[in-house]
Amino acid sequence: MGNVVIVYEGKAKKLFDLGNGVARLVFKDEVTAFNGARREVVPGKGVLSAKISSRLFEVLDDNGIPTHYMCYEGGASVRVRLAKAIPLEVIVRNYAYGSMLKRMPLLKKLMKLSKPIVELHFKSDEAGDPLILPEDAVEAKIIDWSVWDEIKSLALKINSILTSFFERRGLKLIDFKIEVGWVDDRLVVIDEISGDTIRVIDEKGEHLDKELFRKGASGKQLLEAYKRLQMIVGEPERVCSNADPQS
Ligand SMILES: Nc1ncnc2c1ncn2[C@@H]1O[C@H](COP(=O)(O)OP(=O)(O)OP(=O)(O)O)[C@@H](O)[C@H]1O
Ligand SMILES: [Mg+2]
């Protein structure tokens, strides 16, 4: 493993190129909110997020959604296909929350939307991940219209799958964010789907997601919620059988 190359380090994860189109995503113990303005190290968070994300990608894969996920390596590591990331964040909303309430103050928090909304943001820390129109992404040549159609239908399909998955477990899926990229010429879901990227509440309205941290909860309280979320989604089933993907 002497030739493992780090491709990228963000606030939440590190990505390593393992060769042959395979990569390792390592989840950090760090939690950040408000674009890094609030930050805390929470030991154990990386392992929980890696497990939650792995399990949710398995659920998507079982339902025919193309993803980068290969297997759970153990600890905080997930083996994925290296993709060419598309610099967009795709958000699906079922209930009004977060930035949607700010831009449309007539909506009340947790109001059920008449139908799910698929929203695009340009993934750029400098620009502050701004909300954009699909037209903007097309004009900027990030995607073309046929890819937008594909992204939108993929996002809505994922929403149906995850909504019923959580519903069966007594949780309500408020909204979530996905990222997409290209593996060969196929559009696939990349990155993570975890407590950091979804909003889910229980029957009492308690969050099992990063909203807790945004609202001022401690890292320890966040960890307790992520433990619960991990228990509810279950353990990853596809554990990598070999330590070295090249062997
Ligand atoms: N399979 C993949 N192939 C290539 N890049 C990927 C893959 N999965 C995730 N990525 C990219 O790896 C990065 C993961 O790092 P991380 O989420 O920590 O950083 P970030 O999203 O750039 O910034 P932030 O700290 O705001 O989350 C993201 O940029 C994501 O788009
Ligand atoms: Mg990220």
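Residues numbered from 1 in each chain as written. Chains lettered and ligands numbered in written order. Predicted model: local features only at pLDDT ≥ 70, side-chain atom pairs only at ≥ 80, totals over all residues. Heavy atoms only, no water.

Novice: Please clarify how helix α6 (residues 219-233) should be interpreted in this entry.
Specialist: One turn of an α-helix holds 3.6 residues; hence residues three or four places apart share an orientation. Its 15 residues give α6 an end-to-end C-alpha distance of 21 Å, which sits within 8% of 21 Å, the value for a rise of 1.5 Å per residue. Considered for burial, the residues of α6 that qualify are Gly219, Leu222, Leu223, Ala225, Tyr226, Leu229, Gln230 and Val233. Down the axis, α6 shows its buried residues gathered within 165 degrees of arc, on one side only. Relative to its buried face, α6 has exposed residues pointing more than 90 degrees away, namely Lys220 and Met231. Residues of α6 that are buried in the fold lie against β4 (30-33), β5 (38-41), α1 (45-62), α4 (145-167), β14 (198-201) and α5 (211-214). At the C-terminal side of α6, Gly234 shows a positive phi close to 95 degrees. (Helix = DSSP H or I, 4+ residues; strand = E, 2+ residues; numbered from the N terminus. Expected span 1.5 Å × (residues − 1). Buried < 20%, exposed > 50% of the residue type's maximum accessible area, 1.4 Å probe, protein only. Arc of directions from axis to C-beta. Contact = heavy atoms within 4.5 Å.)

Novice: Explain the packing of aromatic side chains here, please?
Specialist: Each aromatic ring pair is characterised by the separation of its centres together with the angle its planes make. Counted by the stated rule, this structure contains two aromatic pairs. Pairing Phe57 with Tyr69 gives two aromatic rings, centres 6.3 Å apart and planes at 5 degrees, and the pair type is stacked. Of this pair, Phe57 sits in helix α1 while Tyr69 sits in strand β6 (residues 69-74), and the two are twelve residues apart along the sequence. Given the relative accessible area of 1%, Phe57 is considered buried. When its relative accessible area of 7% is taken as the criterion, Tyr69 is described as buried. (Phe/Tyr/Trp six-rings, centres within 6.5 Å; stacked < 30°, edge-to-face > 60°.)

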